[in-house]
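# Observations on the model geometry
Below, each chain spelled out in residue letters.
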Amino acid sequence: MSSDKLRFSAGWPALSVFHNDKEENMRDVAKEVYQKMKVGSMAWVRPVAAKGDTLPSFQTAHDSAKQLEEEGLITIGEVKRQDDGLIEAIRIQRLA
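Summarised in this report is the structure supplied together with it. Since the model is a prediction, treat every value here as computed from it, not as a measurement. (Residues numbered from 1 in each chain as written. Predicted model: local features only at pLDDT ≥ 70, side-chain atom pairs only at ≥ 80, totals over all residues. Heavy atoms only, no water.)

### Looking at the pairing of strand S3 (residues 42-45)
What you see with S3 is a clean split: Ala43 and Val45 sit on the buried side and Met42 and Trp44 on the side with no burial. Pairing of S3 with strand S5 (residues 87-94), which is carried by four bridges, proceeds in the antiparallel orientation. Bridge pairing links Val45 to Ile90 in S5. (Buried < 20%, exposed > 50% of the residue type's maximum accessible area, 1.4 Å probe, protein only. Helix = DSSP H or I, 4+ residues; strand = E, 2+ residues; numbered from the N terminus. Pairing = 2+ DSSP bridges.)

Structural data, given as structure tokens:
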């Protein structure tokens, strides 16, 4: 991994997946939703198939949301799971 990628990912965990021996960065869905929200508003964070999200890849969004919560930026109100335990949606509220 280049030093540029390490420097860029210092504030957020580097979310990457290895596919066909190529590194691809995954979207940080929770952060994207947070940035679009107004303070005090609530929103559901869900995978968007049109942007390449899958339920297995979406599981990292919960870790990202927990990090935002630890930083005091959001609260996690509810986490919806499928019968197999995979997270399908996360309800968040923006605090700051």
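### Observations regarding the nonpolar core
Nonpolar side chains in soluble globular proteins generally cluster together in the buried interior. Counting 17 residues, the largest nonpolar core has Val33, Val45, Phe58, Ile74, Ile90 and Ile92 as the members making the most contacts within it. Secondary-structure elements contributing two or more residues to this core are helix H2 (29-36), S3, helix H3 (55-70), strand S4 (74-81) and S5. The residues contacting Ile92, other than those within four sequence positions of it, are Val33, Met37, Ser41, Met42, Ala43, Val45, Ile74, Thr75 and Ile76. (Core = buried A, V, L, I, M, F, W, Y, C linked by side-chain atoms within 4.5 Å. Contact = heavy atoms within 4.5 Å.)

### A closer look at H2
Those residues of H2 that fall on the buried side of the exposure criterion are Val29, Ala30, Val33 and Tyr34. Angularly, the buried residues of H2 cover 135 degrees about the axis, an arc narrow enough to put them on a single face. Those residues of H2 that are exposed and aimed more than 90 degrees away from the buried face are Gln35 and Lys36. Here the buried face of H2 lies against S3, H3, S4 and S5. (Arc of directions from axis to C-beta.)

### Observations regarding the sheet that holds S4
The strand order across the open sheet built from three strands is S3-S5-S4, with neighbouring strands paired in antiparallel fashion. Each having just a single partner strand, S3 and S4 make up the two edges of the open sheet. Taken over all neighbouring pairs, the strand axes of this sheet differ in orientation by 20 degrees on average, direction set aside. Sheet strands touched by H2: S3, S4 and S5. Its angle to S3, the strand with the most contacts, is close to 155 degrees. (Axes fitted to C-alpha atoms, helices over the stretch in contact; angles between N-to-C directions.)

### Side note on H3
Its 16 residues give H3 an end-to-end C-alpha distance of 24 Å, which sits within 8% of 22 Å, the value for a rise of 1.5 Å per residue. The inward-facing, buried residues of H3 abut H2, S3, S4 and S5. Remark: Gly72 follows H3 within two positions and exhibits a positive phi of approximately 80 degrees. (Expected span 1.5 Å × (residues − 1).)

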